[in-house]
Amino acid sequence: QVQLVESGGGLVQAGGSLILSCAASGRVDKLNTMGWYRQAPGRQRELVATISEDSSTTNYGDSVKGRFTISRDNAKNMMYLQMNSLKPEETAVYYCKGTVWVVDYWGQGTRVTVSS
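1. Considering the environment of Thr50
Here is step 1: Relative to the helices and strands, Thr50 resides in strand S5 (residues 46–51).
Here is step 2: Expressed as a C-alpha distance, the spacing of Thr50 and Leu81, which sit 31 residues apart in the sequence, is 9.9 Å.
Here is step 3: Beyond its immediate stretch of four places on either side in the chain, Thr50 contacts Thr33, Met34, Gly35, Tyr37, Thr57, Thr58, Asn59 and Ile70.

The structure is reproduced here in structure tokens:
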């Protein structure tokens, strides 16, 4: 079992920046790929970014490339998402996901609101 807890969400103006954090606990030694996803009201959950276990490989959704940066610190059992140049349409609940073998674990989400 892995527990994931997101933090860092809040209200930010368009063009602003925010850093999200995801704290992992439990069987963190088994965690491999981790990622950030988001879900806006009335829309499906979508990929924001993923990162491999050793941070050597990252992937980003097309809409966030060049503005968001995903990172992780395995020594601290943490994952981060640096978000720059935020847009109002990126208002959503942001979720942390961790995978152990083929099982996905999700956090409860942190809400990000971008005002215009």
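Having put the structure on the table, let's press on.
2. Some words on the pairing of S5
If a strand is regular, its side chains alternate between the two faces of the sheet.
Here is step 1: The sheet contact formed by strand S4 (residues 34–39) and S5 spans 5 bridges and is antiparallel. By the bridge assignment for S5, Tyr37 is matched with Leu47.
Here is step 2: Between the antiparallel neighbours S4 and S5 lie 6 residues, among them Gly42 with a positive phi of about 75°.
Here is step 3: As paired elements, S5 and strand S6 (residues 58–60) share 3 bridges and run antiparallel to each other. Within S6, the position partnered with Ala49 by the bridge is Tyr60.
Here is step 4: If you look at the hairpin formed by S5 and S6, you'll find 6 residues sitting between the two strands, and Ser55 has a positive phi there, around 65°.

3. Some details on the packing of aromatic side chains
Here is step 1: Going through the model one piece at a time under the given rule, you end up with 2 aromatic pairs.
Here is step 2: With a centroid separation of 5.1 Å and an interplanar angle of 65°, the aromatic rings of Tyr37 and Trp106 are classed as edge-to-face. Of this pair, Tyr37 sits in strand S4 while Trp106 sits in strand S10 (residues 103–106), placing them 69 residues apart in sequence.
Here is step 3: Assessed through its relative accessible area of 14%, Tyr37 is described here as buried.
Here is step 4: With a centroid separation of 6.4 Å and an interplanar angle of 85°, the aromatic rings of Tyr95 and Trp106 are classed as edge-to-face. Taken together, the residues span a long stretch of sequence, with Tyr95 in strand S9 (residues 92–100) and Trp106 in strand S10 at a distance of 11 residues.
Here is step 5: Three or more aromatic residues joined by ring pairs make a cluster, and in this case those are Tyr37, Tyr95 and Trp106.
Here is step 6: Cation over ring: Arg45 sits above Tyr95, and NZ or CZ is 3.7 Å from the ring centre.
Here is step 7: When the ring centre of Trp106 is taken as origin, the NZ or CZ atom of Arg45, which lies over that ring, is 4.6 Å away.

4. Considering the environment of Val112
Here is step 1: Here Val112 shows up in strand S11 (residues 110–115).
Here is step 2: With 56 residues separating them in the primary sequence, Val112 and Ser56 have C-alpha atoms 27 Å apart.
Here is step 3: When sequence neighbours within four positions are dropped, the list of residues in contact with Val112 reads Gly9, Gly10, Leu18, Leu20, Met83, Glu90, Thr91, Ala92 and Tyr94.

5. Overview of the sheet that holds strand S1 (residues 2–7)
Here is step 1: Across the sheet, which stays open at both edges, the 4 strands sit in the order S1-S3-S8-S7 with antiparallel pairing between neighbours. With one partner strand each, in any of the chains shown, S1 and strand S7 (68–73) form the two edges of the open sheet. When strand polarity is set aside, the average angle formed by the axes of neighbouring strands in this sheet is 15°.
Here is step 2: The pairing of strand S3 (residues 18–26) with strand S8 (residues 78–83) spans 6 bridges and is antiparallel. Within S8, the residue paired with Ser21 across the bridge is Tyr80.

Rules used throughout
- Residues numbered from 1 in each chain as written.
- Predicted model: local features only at pLDDT ≥ 70, side-chain atom pairs only at ≥ 80, totals over all residues.
- Heavy atoms only, no water.
- Helix = DSSP H or I, 4+ residues; strand = E, 2+ residues; numbered from the N terminus.
- Contact = heavy atoms within 4.5 Å.
- Pairing = 2+ DSSP bridges.
- Phe/Tyr/Trp six-rings, centres within 6.5 Å; stacked < 30°, edge-to-face > 60°.
- Buried < 20%, exposed > 50% of the residue type's maximum accessible area, 1.4 Å probe, protein only.
- Lys NZ or Arg CZ within 6 Å of the ring centre and 35° of its normal.
- Axes fitted to C-alpha atoms, helices over the stretch in contact; angles between N-to-C directions.

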